[in-house]
Each structure stands twice: as structure tokens, then as C-alpha cells.
Amino acid sequence: MKKTLLTGGLILALAAGLYFTLKSFNTPWSGVDETVVEKFAREAGRPPRTPLINTDQGDLLLFFFLIAGSAGGFVGGYYFRELFPPKPNQPNV
Amino acid sequence: MNSHCSRKSKKDRNDAKRALSNPFPRERTQGGACALRLSTLFAACVLIIGFPPIVCAMHISEGILPAPWAGLWFLVSLPFLAWGLRDLHIRSERDPFFKPLVGLVGAAVFIISCMPVPVPTAGTCSHPCGTGMAAILIGPSLTVVVTSVALTLQALFLAHGGLTTMGADIVSMGVAGSLAGYGVFQLARRLGVAPVTAAFLAGLLSDWTTYAVTSFELASALHGSGSMLKMFLVIGAAFAPTQIPLGIFEGFLTAGAWRFIQARRPGLLERVGKQPEKSGGIA
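The structure presented is a predicted model; accordingly, all values stated were derived computationally and were not measured.

Comments concerning the overall build of chain B
Now for step 1: Within chain B, the regular secondary structure consists of 11 helices and two strands.
Now for step 2: Each helix and strand of chain B, ordered N terminal to C terminal, gives the series α-α-α-α-α-β-β-α-α-α-α-α-α.
Now for step 3: For chain B, the residues scored as buried account for 53% of the 283 residues in total.
Now for step 4: Here the analysis covers contacts within chain B between residues at least 6 apart in sequence; of these, 73% occur between residues at least 24 apart.
Now for step 5: On chain B, roughly 12400 Å² of surface is accessible, and the fraction owed to carbon and sulfur atoms is 68%.

Remarks on the domain arrangement of chain A
Now for step 1: Entries for chain A in the domain assignment read domain 1 (1-49) and domain 2 (52-87).
Now for step 2: For domain 1 of chain A versus domain 2 of chain A, the distance between C-alpha centres works out to 21 Å.

Quick look at the nonpolar core
Now for step 1: Among the nonpolar cores identified, the biggest contains 67 residues, and Leu137, Ile138 and Ile235 of chain B are the most heavily contacted of them.
Now for step 2: Two domains share this core, each providing at least three of its residues, namely domain 1 (1-49) and domain 2 (52-87) of chain A.

Comments concerning the interface of chain A and chain B
Now for step 1: In this complex, chain A contributes 47 residues to the contact, which on the side of chain B involves 58 residues.
Now for step 2: Buried area between chain A and chain B, both sides added, is near 4800 Å², and the carbon and sulfur share of it is 74%.
Now for step 3: Between chain A and chain B we count zero salt bridges in total.
Now for step 4: Connecting chain A to chain B are nine residue pairs in polar contact (both at pLDDT 80 or more).
Now for step 5: Where the side of chain A that touches chain B is concerned, the elements lending two or more residues are α2 (32-43) and α3 (60-83) of chain A.
Now for step 6: Among the residues making up the side of chain A that touches chain B, the classes are represented as 28 nonpolar, 12 polar and seven charged.

Quick look at the packing of aromatic side chains
Now for step 1: Per the stated rule, a full pass over the model turns up 12 aromatic pairs over all chains.
Now for step 2: For the pair Trp73 of chain B and Phe216 of chain B, a centre-to-centre distance of 6.3 Å together with 80° between the ring planes defines the contact as edge-to-face. Of this pair, Trp73 of chain B sits in helix α4 (residues 67-94) while Phe216 of chain B sits in helix α9 (residues 195-222), and the two are 143 residues apart along the sequence.
Now for step 3: On the basis of relative accessibility, which here comes to 34%, the residue Phe216 of chain B falls in the partly exposed class.
Now for step 4: Ring plane angle 50° and centroid distance 5.2 Å describe the contact between Phe185 of chain B and Trp258 of chain B, whose orientation is recorded as tilted. Of this pair, Phe185 of chain B sits in helix α8 (residues 166-190) while Trp258 of chain B sits in helix α10 (residues 228-264), placing them 73 residues apart in sequence. Neither residue differs from the other here; Phe185 of chain B and Trp258 of chain B are each classed as buried.
Now for step 5: Connected via pairs of aromatic rings, a cluster forms that spans Phe74, Tyr78 and Tyr79 of chain A.
Now for step 6: One residue, Lys39 of chain A, lies across the ring of Phe40 of chain A, its end atom 4.5 Å from the ring centre.

The rules behind each value
- Residues numbered from 1 in each chain as written.
- Chains lettered and ligands numbered in written order.
- Predicted model: local features only at pLDDT ≥ 70, side-chain atom pairs only at ≥ 80, totals over all residues.
- Heavy atoms only, no water.
- Helix = DSSP H or I, 4+ residues; strand = E, 2+ residues; numbered from the N terminus.
- Buried < 20%, exposed > 50% of the residue type's maximum accessible area, 1.4 Å probe, protein only.
- Contact = heavy atoms within 4.5 Å.
- Areas by Shrake-Rupley, 256 points an atom, 1.4 Å probe, with all protein chains shown as cover.
- Domains from an automatic or database assignment.
- Core = buried A, V, L, I, M, F, W, Y, C linked by side-chain atoms within 4.5 Å.
- Buried area = accessible area lost by both parts, 1.4 Å probe.
- Salt bridge = Lys/Arg side-chain N within 4 Å of Asp/Glu carboxyl O.
- Polar contact = N/O pair within 3.5 Å; in protein donor to acceptor, adjacent residues only side chain to side chain.
- Nonpolar A, V, L, I, M, F, W, Y, C, P; charged D, E, K, R; others polar.
- Phe/Tyr/Trp six-rings, centres within 6.5 Å; stacked < 30°, edge-to-face > 60°.
- Lys NZ or Arg CZ within 6 Å of the ring centre and 35° of its normal.

Set out below in C-alpha cells:
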């Protein structure tokens with residue numbers, strides 16, 4: 001019960017912290033590709049072209065990012081287990 | 001799913017619950033515990049901020065570099081790529097343990113280099129590179145290989161970087177970042193700096209070097225009739241508010257990774273040719 005309350009409290013504190021932080025920063029959180037690389041490229045007359053495979057459409061990019069994160073996490077976890085096997089007396093799930 | 005769970009015996013459920021809530025109960029060292037806490041914190045950060053739909057990166061996008069410059073950077077990257085592939089072949093044959101390490105480091109570089117990190121001091125996002133950490137673990141040549149694979153996948157599927165600008169991105173992130181990280185780490189160790197501090201410096205300077213080289217690549221191709229040096233400094237200054245704090249973050253990330261391996265498996269560091277503080281066999 002104590003652990004549940006602690007976890008719930010932490011989640012709420014994190015959410016509240018994030019809410020007030022984002023509210024206090026009036027910024028679009030653009031990447032430096034946009035604010036620096038593309039800005040100077042546009043000024044020099046070399047705006048970026050659409051990527052060959054343009055996944056930056058709607059939620060498509062979010063989907064591919066999640067797939068990439070999951071695949072990277074799986075590969076990393078697979079090799080992590082090989083390099084850092086569980087200790088002999090550790091319960092194996 | 002529910003019926004499957006209900007078939008589990010009570011003992012199995014209790015064992016699984018125990019294992020999940022307390023994976024390393026008594027055996028871990030203090031350093032190991034600290035490293036585990038750090039890695040858990042890092043994993044939480046990845047889950048919280050790792051997957052927004054906006055791509056935020058230093059990668060030079062498709063079409064920004066004129067064809068001769070894009071071709072030139074491809075040519076510059078090729079010998080390093082060949083060196084890395086040759087090294088991979090030789091070292092994998094010598095030590096079969098090496099391939100899983102390259103696989104793990106490659107996955108880490110891929111994830112880290114497409115993870116936009118918000119920088120509140122600048123109000124922007126950018127990503128760490130992971131090449132400093134990779135270079136001190138698997139060497140600069142192999143870092144070029146894993147970076148190239150990561151950049152190719154990002155350019156193909158994540159609208160991140162570009163195929164025509166791949167050579168420039170490999171040179172800035174893979175070649176310059178890894179050589180700077182590796183060089184700084186080796187130099188710091190020779191000067192008697194503690195390994196964790198040396199790893200911090202490697203992460204920090206590999207990040208800053210990557211962005212300095214990106215500034216150079218952009219300035220050299222886009223300065224037109226103006227001064228290249230001036231444009232290089234202006235672009236570098238534009239990167240600075242985001243990259244100075246992010247470089248420090250990358251330094252801590254690299255030091256945390258080093259500390260984690262040192263605590264959990266110091267033999268691994270000996271095996272890749274680095275001497276940890278306390279020697280020990282492969283655990």
C-alpha cells in the first residue's frame with residue numbers, strides 16, 4: 001500500500017512538474033535541425049528537400065519512431081543479456 | 001491473457017513478483033547499485049521524452065548540401081568505413097565475445113542518436129550522439145560502422161538526415177565524434193585522470209566536436225561569397241545554447257555507462273583493451 005501511494009505520488013509530482021515547466025516555457029521546442037541547420041540553409045538558398053521515403057506525415061513518423069525504439073531496445077536487450085547475464089542466484093523470470 | 005495468468009501457480013506468481021520488484025537484492029555492490037539506479041533513471045527519461053513525433057537533430061537534411069560537397073564528404077567517410085569493417089572482421093574472429101558488444105553499442109548509438117532531448121535553457125531540442133561512449137568501448141573504427149548503420153536506418157525510415165548528406169553526417173558524428181572521444185579518453189588516462197572522469201570528458205568533447213564539424217560542413221558549403229570562418233562561428237554560436245548543456249548531459253551518460261560496466265562486469269573493459277580501476281576476470 002505504501003509503495004503504491006509512493007509511486008502514485010511520484011507520478012503526480014512528475015506530471016505536475018512537467019505541466020508547470022511546459023506552461024512557463026513559451027517555446028515550440030523545435031530541434032536544432034530546424035532552428036540552426038535549416039535556418040542557415042534557407043538563408044543560403046539551399047532549403048531541405050523532402051526525404052526520399054517521407055515518413056513525416058501525420059502519425060506515421062510516431063509509428064516509425066516507436067517501431068525503431070522497440071527494435072533498438074530489443075536488439076540492445078538481447079545483447080545486454082548475453083554480455084551481462086543474470087547472477088547465478090538471481091531469480092530468472 | 002487472463003486465463004493464461006490464472007493457470008499460473010501461486011508460487012510462480014510470487015517468484016515473478018519478487019524478481020520484478022527486486023532484481024538484484026543482496027549481491028550488488030554499492031557502485032553497482034548506484035549504476036543501476038542511474039540506468040533506471042536513464043530508461044525512465046527515454047520513456048518519458050524519447051518518442052515525441054517531432055524530429056530534433058543535428059543531421060544535415062536531404063538537399064541542403066550541393067552535390068560536389070555531398071560527394072566530397074562521402075569520399076572522406078569511405079576510408080574510415082573500410083577501416084571499421086576490416087577491424088570488425090579481425091576483432092570478431094579473434095574474440096567471439098566482441099560481436100555482442102558491437103551489437104549492444106550499435107543499438108545504443110541508434111537509440112541515443114534519434115532521441116530528442118529538450119534543453120530548457122535554450123527552449124529547443126537536440127540529441128546526444130553516443131559516439132564518445134561507443135568509441136571508448138569498441139574503438140573509433142567500429143564506431144564509424146555502427147554510426148553509419150544507425151544513420152542509414154534513420155535516413156531511410158525516420159526522415160532523419162538524408163541519403164545524399166549521409167557522408168557529411170558520417171564524418172561529423174561517426175568519424176570526428178568518435179576520434180575526439182577516443183583521443184580525449186586515451187589522453188586523459190595517460191595524464192592519470194580517473195576512468196570515469198575520462199569517460200565524462202570523452203562524452204562531452206565527442207558531442208561538441210560533432211556539432212563543430214557539422215558547423216564546418218555547413219559553413220564550407222553554404223558561405224557563398226561571404227567569409228567561411230565567419231559563417232562557421234555564427235553557426236557554432238547558434239548551436240551553443242543547446243549543445244553546451246547537452247554535451248554535459250552526454251558526458252554524464254558516458255560516465256554512467258562506464259561506471260555501470262565497471263561495477264557489473266569489469267572483465268569486459270579489460271577484454272576491450274581498457275584497464276578498469278580494479279582488475280577482475282570476466283564475471
